[in-house]
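# Structural characterization, general
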Amino acid sequence: MQQADFLKIVGPFQDKLFRLAKRLLVSREEAEDATQEILLKLWAKSKNMGQYKNVEAFAMTMTKNFCLDRLKSKQAGNLKLMHTNYVEKGSSLQKQVEANDSVSWVEKIMEDLPEQQKMVLQLRDVEEYDYEEIAKMLEMKPTAVRVALSRARKTVRERLIQKHSYGIG
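Each chain has its residues counted from 1, running along the sequence as written. Per-residue local features are limited, in this predicted model, to residues with pLDDT of at least 70; the limit for side-chain atom pairs, both in listing and counting, is 80 or more; totals at the level of whole chains, interfaces and linings are taken over all residues. Side-chain measures here rest on the full set of heavy atoms in the structure, leaving out hydrogens and waters.

## Section: the nonpolar core
Put simply, the test is: Here, nonpolar core means buried Ala, Val, Leu, Ile, Met, Phe, Trp, Tyr and Cys residues that are tied together by side-chain atoms lying within 4.5 Å of each other. The buried label applies to any residue whose accessible area, calculated with a 1.4 Å probe on protein chains only, is under 20% of its type's maximum; exposed applies above 50%, and partly exposed to all values in between. Every helix listed is a DSSP run of H or I at least four residues long, and every strand listed is a run of E at least two residues long, numbered separately from the N terminus. Contacts between residues were defined by any pair of non-hydrogen atoms, one from each residue, lying within 4.5 Å.
Counting 42 residues, the largest nonpolar core has Leu 42, Val 120 and Leu 123 as its most contacted members. At the level of elements, α1 (3-10), α2 (14-24), α3 (28-44), α4 (55-72), α5 (93-111), α6 (115-126), α7 (131-138) and α8 (142-166) are the ones that each hand at least two residues to this core. Looking at this core, the element that brings in the most residues is α4, giving 8 residues. Filtering out sequence-adjacent residues up to four positions away, Leu 123 remains in contact with Leu 20, Met 60, Glu 128, Tyr 129, Ile 134, Met 137 and Leu 138.

## Let's talk about the pattern of salt bridges
Threshold: A carboxyl oxygen of Asp or Glu within 4 Å of a side-chain nitrogen of Lys or Arg is what we treat as a salt bridge.
Applying the stated criterion to the full structure yields 7 salt bridges. Its salt-bridge partner being Asp 125, residue Arg 153 comes within 2.5 Å of it at the nearest N-O pair. Placement of Arg 153 in helix α8 and of Asp 125 in helix α6 is noted, with a sequence separation of 28 residues between them. On the accessibility criterion, Arg 153 (33% relative accessible area) is partly exposed. Judged by its relative accessible area of 36%, Asp 125 falls in the partly exposed class.

## Focus: unusual backbone geometry
The phi angle at Glu 128 is positive, at roughly 65 degrees, despite the residue not being glycine. Here Glu 128 shows up in the loop between α6 and α7. Residue classification places Glu 128 among the exposed residues on the basis of a relative accessible area of 65%. The backbone of Glu 139 sits at a positive phi, close to 55 degrees, despite the residue not being glycine. With respect to the secondary-structure elements, Glu 139 resides in the loop between α7 and α8. Note on Glu 139: relative accessible area 68%, which makes it exposed.

## Section: the packing of α6 against α7
Just so we agree on the cut-off: All axes are obtained by fitting lines to C-alpha atoms, using only the stretch in contact for helices, and the reported angles, taken between N-to-C directions, cover 0 to 180 degrees. The labels follow the angle: roughly parallel below 35 degrees, roughly antiparallel above 145, roughly perpendicular from 65 to 115, and oblique for the rest. By convention the crossing between two helices is left-handed if the near helix lies anticlockwise of the far one by an angle smaller than a right angle, and right-handed if it lies clockwise. Here the nonpolar group is Ala, Val, Leu, Ile, Met, Phe, Trp, Tyr, Cys and Pro; Asp, Glu, Lys and Arg are the charged ones; every other residue, Gly included, is treated as polar.
Across the interface, α6 lies against α7 with an axial gap of 10 Å and an inter-helix angle of 140 degrees. Comparing their axes, α7 and α6 come out oblique. Handedness of the α6/α7 crossing: right-handed. Contacts between α6 and α7 involve Met 119, Val 120, Leu 123 and Arg 124 on the former and, on the latter, Tyr 131, Ile 134, Met 137 and Leu 138. Of the residues assigned to the contact of α6 with α7, the class counts are 7 nonpolar, no polar and 1 charged.

## With respect to the confidence of the model for the protein chain
For clarity, the threshold we go by: Scored from 0 to 100, pLDDT records how confident the predictor is in each individual residue.
For the protein chain, the mean per-residue pLDDT works out to 79, and 79% of the residues sit at or above 70. Per-residue pLDDT stays below 50 along residues 78-90; that stretch engages in 34 contacts with residues further than four places along the chain or on separate chains.

## Here we look at the packing of α2 against α3
The geometry of α2 relative to α3 is characterised by a closest axis approach of 8 Å and an angle of 130 degrees between their N-to-C directions. By the angle between their directions, the pair α2 and α3 is classed as oblique. Of the two elements, α2 crosses α3, and the hand of that crossing is right-handed. Between α2 and α3, the contacting residues are Gln 14, Leu 17, Phe 18, Ala 21 and Lys 22 on the first element and Arg 28, Ala 31, Glu 32, Ala 34, Thr 35, Ile 38 and Leu 39 on the second. When the residues that make up the contact of α2 with α3 are grouped by side-chain class, the tally is 7 nonpolar, 2 polar and 3 charged.

What follows is the structure, encoded as structure tokens:
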């Protein structure tokens, strides 16, 4: 496989790999390293890429496994979740501050979710995968994906309501 062909295949979902890695790992640098490592592994398997039904799902599963292994490794002693705040362009400063605050609170809440719920929420609501794809990536039944997603959303919703009702606490 030529490099150009490889890039045509992995290019469209390369950012998704990075976002998943960033959701699970310490920092932008850790996520970039993880993404690069996954791309190298995919390149090494490029001769067999035609055998995979869904290369994107395969790559997302590789990313998830790689990041979880990193978190479990001895090097992970200082790792914690960090996220990027997304802000609309052209909005007022007050709206930007409010958006940053809301995104920041959701991210803090997500940090405390069980690992499985965190990944399901990321893959469904951020990356917009369907239930079947998530089930394959995480080796779960689709009904278990729905339950985990429902519980994750409920926890986020309840904690946001609590935060807005009682103030910062």
